[in-house]
Amino acid sequence: MAVRHRLIQATPEAVWDVLADGDLYVEWVVGPSEATPKTGQWPQVGATMAYEVRLGPLRLNNETVVRHCVEGSVLELEAKAGALGTARISIELRPWGEQCLVIVDEHPLRGPGGLVHNVGVEALIQIRHRAMLARLAKLCESEARSQPGDRSRPDPSGAPGSVTHRPGTGRA
């Protein structure tokens, strides 16, 4: 199973707002060049997002279905990749101070994709997840910075346990 995590400098609510906005799907998911809601209200269970993946001259029309949703904390998706089968993708949000720890877990679910799942495929999924989490962080952190009065980072200077760097005192 490909599991990857990232600490995002925004609140879990801010991260959820991005995940729950179907219009932002192609902004954080790696692969789709365009996406359109197909059925239901994203991210409610059963809602689907149709999208196109371009691989050179190839155009693959795929679909993602919301299989489980706990508003504000868990989004589980089934990505349907045609003849390759499907994959389960779980995105969990955990409060970490005022930040959000995002954990992504993906593995083949149905079809022949599971037969070719190996260390090499796992490495490619890890690379894709790294890029996806970076995109998600960029969206969430820029949104958090644009909200007046919101802090996107915990531990302001002077808070218990905070570290202050003074020139000439060394670096960690």
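Right, let's walk through the structure included here. Computed from a prediction, not measured in an experiment: that's the story for all the values here.

1. Focus on the pairing of strand β3 (residues 48-55)
Pairing of strand β2 (residues 32-39) with β3, which is carried by six bridges, proceeds in the antiparallel orientation. Looking at β3, one finds that Glu 34 is bridged to Glu 52. Bridge analysis of β3 against strand β4 (residues 58-70) gives eight bridges, and the strand direction is antiparallel. Residue pairing for β4: Val 53 is matched across the bridge by Leu 60.

2. A closer look at the nonpolar core
A general feature of soluble globular proteins is that nonpolar side chains tend to end up buried together. Val 15, Leu 19, Trp 28, Ile 91, Val 102 and Leu 136 are the most contacted members of the largest nonpolar core, which has 30 residues in total. Within the residue set of this core, elements represented by two or more residues are α1 (12-19), α2 (25-28), β3, β5 (74-80), β6 (86-96), β7 (99-110) and α3 (119-146).

3. Considering the environment of Arg 67
Positionally, Arg 67 belongs in strand β4. For Arg 67 and Ala 47, which are 20 residues apart along the polypeptide, the C-alpha to C-alpha distance reads 8.3 Å. The residues contacting Arg 67, other than those within four sequence positions of it, are Val 45, Glu 76, Leu 77, Glu 78 and Lys 80. Here the side chain of Arg 67 touches Glu 78 through a polar contact of 2.7 Å, side chain to side chain.

4. A word on the sheet that holds β5
Taken in spatial order, the seven strands of this open sheet run β1-β7-β6-β5-β4-β3-β2, and their pairing is antiparallel. The open sheet is flanked by β1 (2-8) and β2, the only strands paired with a single partner. Averaged over all pairs of adjacent strands, the angle between strand axes in this sheet comes to 25°, irrespective of strand direction. Strand direction decides the pairing type here: β1 and β7, joined by seven bridges, are antiparallel. For Val 3, the partnering residue across the bridge sits in β7 and is Asp 105. The strands touched by α1 within the sheet are β1, β4, β5, β6 and β7, with β6 carrying the most contacts at an inclination of about 155°.

5. Focus: the pattern of salt bridges
Counted according to the given criterion, the structure contains ten salt bridges. Where Arg 94 meets Glu 92, a salt bridge forms, and the shortest distance between an N and an O atom there is 2.8 Å. Residue classification places Glu 92 among the partly exposed positions, given a relative accessible area of 26%. Beyond isolated ion pairs, a larger network of salt bridges with shared partners links Glu 34, Glu 52 and Arg 54.

Thresholds applied
- Residues numbered from 1 in each chain as written.
- Predicted model: local features only at pLDDT ≥ 70, side-chain atom pairs only at ≥ 80, totals over all residues.
- Heavy atoms only, no water.
- Pairing = 2+ DSSP bridges.
- Helix = DSSP H or I, 4+ residues; strand = E, 2+ residues; numbered from the N terminus.
- Core = buried A, V, L, I, M, F, W, Y, C linked by side-chain atoms within 4.5 Å.
- Buried < 20%, exposed > 50% of the residue type's maximum accessible area, 1.4 Å probe, protein only.
- Contact = heavy atoms within 4.5 Å.
- Polar contact = N/O pair within 3.5 Å; in protein donor to acceptor, adjacent residues only side chain to side chain.
- Axes fitted to C-alpha atoms, helices over the stretch in contact; angles between N-to-C directions.
- Salt bridge = Lys/Arg side-chain N within 4 Å of Asp/Glu carboxyl O.

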